[in-house]
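What the coordinates show
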Amino acid sequence: MNERILLEAEKNGNLITTSKVMELGFSKTMLSKYVANGDLLRVCNGIYALPDTVIDDMYVLQLRNDKIIFSHETALFLNGISERTPFTHSFTVPTGYILSESMKNNTIHFYIKSELFELGLCVYKTTFGNPVRCYNPERTICDILRSRSRMDEETVISSIKKYAGSKEKDLFLLYEYAKQLKVLAQVKRYMEVLI
């Protein structure tokens with residue numbers, strides 16, 4: 001395998017995209033040859049992995065669509081507010097954004113107005129150490145209250161309790177986000193009971 005492609009993949013969690021290979025000056029045909037020879041494995045459309053790589057699902061989703069921001073149960077996990085690893089990843093995109101059918105069918109997705117889309121955006125590392133876009137704890141608490149009807153009640157309650165008991169919580173920021181996301185009454189109700 002070409003040394004530049006190998007180094008780029010190793011630098012990127014043992015993954016490489018078709019666009020990155022072409023940016024390095026190589027063709028799609030070369031990728032097909034590497035797959036046929038067993039030098040690369042096709043993870044999904046446009047993403048390849050070195051053999052014996054343990055696939056980081058969150059990172060692959062981020063590579064497939066750099067517009068998504070992990071939210072709800074996936075953000076609870078990334079923020080350490082929930083120990084439960086989500087079976088299906090949740091993310092948010094701006095209202096009107098069109099997702100591919102495979103992304104729609106294999107994920108839990110939410111839409112929000114463009115002006116609120118990046119509110120609370122952070123970059124976190126997955127368990128594999130790869131960077132992904134995610135909402136901070138305060139935004140995540142607001143999101144799970146906004147989408148409560150689509151979530152497991154036990155997850156909502158235990159996550160809010162864990163957040164309320166955290167030394168890192170920022171109640172001022174939580175209330176600011178809650179105002180903008182129109183869940184201030186619900187947030188206050190929970191926080192008054194738990195703090």
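Okay, so let's go over this structure. Keep in mind that this is a model prediction, so the values were computed, not measured.

Cut-offs applied
Residues numbered from 1 in each chain as written. Predicted model: local features only at pLDDT ≥ 70, side-chain atom pairs only at ≥ 80, totals over all residues. Heavy atoms only, no water. Core = buried A, V, L, I, M, F, W, Y, C linked by side-chain atoms within 4.5 Å. Buried < 20%, exposed > 50% of the residue type's maximum accessible area, 1.4 Å probe, protein only. Contact = heavy atoms within 4.5 Å. 1 Å grid on protein atoms, 1.4 Å probe; cavity = no way out; pocket = protein on both sides within 12 Å on 5 of 7 lines; lining within 4 Å. Points joined across faces, edges and corners; volume = space filled by probe spheres on them. Helix = DSSP H or I, 4+ residues; strand = E, 2+ residues; numbered from the N terminus. Nonpolar A, V, L, I, M, F, W, Y, C, P; charged D, E, K, R; others polar. Pairing = 2+ DSSP bridges. Axes fitted to C-alpha atoms, helices over the stretch in contact; angles between N-to-C directions.

A few words on the nonpolar core. Within the largest apolar cluster, 25 residues are counted, with the highest numbers of intra-cluster contacts made by C142, I160, L181 and V187. If we ignore the near neighbours within four places in the chain, the residues touching V187 are C142, L145, L174, Y175 and A178. M58, L61, V93 and L99 belong to the second-largest nonpolar core, a separate cluster that totals 19 residues.

The final tally for this structure, using the stated rule, is one cavity of 30 Å³ or more. Size it by volume and the largest cavity reaches roughly 30 Å³. Lining the largest cavity, in full, are H72, E73, S90, I108, F110, R150 and M151. For the lining of the largest cavity, the secondary-structure elements that each account for two or more residues are α5 (72-78) and β6 (108-112). Looking at side-chain class alone, the lining of the largest cavity contains three nonpolar, two polar and two charged residues.

The next thing to look at is the sheet that holds strand β1 (residues 15-17). One open sheet accounts for three strands, arranged β1-β3-β2; its pairing is antiparallel. On the outer flanks of this sheet lie β1 and β2 (41-44), each paired with one strand and no other. Between one strand axis and the next, the sheet turns by 35° as a mean value, whatever way the strands run. As judged from the three bridges shared by β2 and strand β3 (residues 47-49), these two strands associate in the antiparallel manner. Across the sheet, C44 pairs through a bridge with I47, a residue of β3. Here helix α4 (residues 57-64) sits on the sheet in contact with β1, β2 and β3, set at roughly 15° to β1.

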